[in-house]
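Residue-level listing of the chains:
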Amino acid sequence: LKLASVQAYNHYTSIFVFQLPDPESYLSLPVTAIFLIRASEINGTEAAFDVRPNTVIEEHHPGTFKIIVKKYKDWGIPEKQLKEKNRVFLFAKTDHSDRPEGKVSSYIHSLQIGQSLAFKHNDLCLGKIAYPFEPGITSITMIAVGIGVAPMVR
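Residues numbered from 1 in each chain as written. Predicted model: local features only at pLDDT ≥ 70, side-chain atom pairs only at ≥ 80, totals over all residues. Heavy atoms only, no water.

Visitor: Please clarify how the sheet that holds strand β3 (residues 35-39) should be interpreted in this entry.
Guide: Sheet strands pair via backbone hydrogen bonds, and the direction of the pair is either parallel or antiparallel. Taken in spatial order, the 3 strands line up as β4-β3-β6 in an open sheet, and their pairing is antiparallel. For this open sheet the edge positions go to β4 (50-54) and β6 (118-120), each flanked by a neighbour on one side alone. Each strand of the sheet is rotated relative to its neighbour by a mean of 30 degrees, with strand direction disregarded. For β3 and β4, the ladder comprises 5 bridges, and the chain directions are antiparallel. Looking at the pairing, Ile37 lines up with Arg52 of β4. (Pairing = 2+ DSSP bridges. Helix = DSSP H or I, 4+ residues; strand = E, 2+ residues; numbered from the N terminus. Axes fitted to C-alpha atoms, helices over the stretch in contact; angles between N-to-C directions.)

Visitor: Explain the pairing of strand β5 (residues 64-70) to me, please; I cannot follow it from the model alone.
Guide: Regular strands show a simple pattern: their side chains alternate between the two faces of the sheet. Side chains Phe65, Ile67 and Val69 of β5 all project onto a buried face; the interleaved residues Thr64, Lys66, Ile68 and Lys70 project onto a face where none is buried. Across 7 bridges, strand β2 (residues 13-19) lies against β5 in antiparallel orientation. Each bridged residue has a counterpart across the sheet, and for Val17 the counterpart in β5 is Lys66. (Buried < 20%, exposed > 50% of the residue type's maximum accessible area, 1.4 Å probe, protein only.)

Visitor: Which parts of the structure should I look at to understand unusual backbone geometry?
Guide: With glycine set apart, most residues show a phi of negative sign, and most peptide bonds adopt trans. Of note, the phi angle at Ser28 is positive, near 55 degrees, even though the residue is not glycine. Locating Ser28 in the fold gives a position in the loop between β2 and β3.

Visitor: How should the sheet that holds β5 be read in this particular structure?
Guide: Read across the sheet, 3 strands follow the order β1-β2-β5 without closing on themselves; strand pairing throughout is antiparallel. Each edge of the sheet is formed by a strand with only one pairing partner; in this case those strands are β1 (2-8) and β5. Strand-to-strand twist in this sheet, taken as the mean axis angle between neighbours without regard to direction, amounts to 25 degrees. Pairing between β1 and β2: 6 bridges, direction antiparallel. Along β2, the bridge assignment pairs Lys2 with Gln19. Of the strands in this sheet, β2 and β5 are in contact with helix α2 (residues 103-110), which crosses β5 at around 125 degrees. (Contact = heavy atoms within 4.5 Å.)

Visitor: Mind showing me how you'd approach the pattern of salt bridges here?
Guide: A side chain with one charge may pair with a side chain of the opposite charge, provided their charged atoms come close. In this structure the tally under the stated criterion is 2 salt bridges. With a closest N to O distance of 3.9 Å, Lys103 and Asp50 form a salt bridge. With Lys103 in helix α2 and Asp50 in strand β4, this pair connects stretches of sequence that are 53 residues apart. With a relative accessible area of 19%, Asp50 lands in the buried category. Measuring nitrogen to oxygen at the nearest pair gives 3.7 Å for the salt bridge that ties Lys66 to Glu58. (Salt bridge = Lys/Arg side-chain N within 4 Å of Asp/Glu carboxyl O.)

Have a look at this one:
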């Protein structure tokens, strides 16, 4: 699907608006559903790609939907460098806090208006409990982190 616009949310997160093939249609995913994003051409090759789940934050306008993506940057010291520097990793003082750059989030943030991103949705993406809930469910406890925050907001 083609990227229609990008709006900065804060210094490391942006809202991306994508166009549906039919300008009059809605995505119409259940609130509890996810979809998969395929970021191709990572490291300049079509064969190298990663897939990550995401959720829609808004689909009120026909022909478009919005997602929010945080760009994860590389930080910390890789364990390999600590091993080489200290020769014995187990005795090195470290908090094991190395986090590599997010491949998919960086790919999405590198897209230009009009470029496309591959999305996939199937029955496995619906989750264990679909909204609206069955009549027998009288209460539900929800804990949200990561992509689970968007359905909570919706």
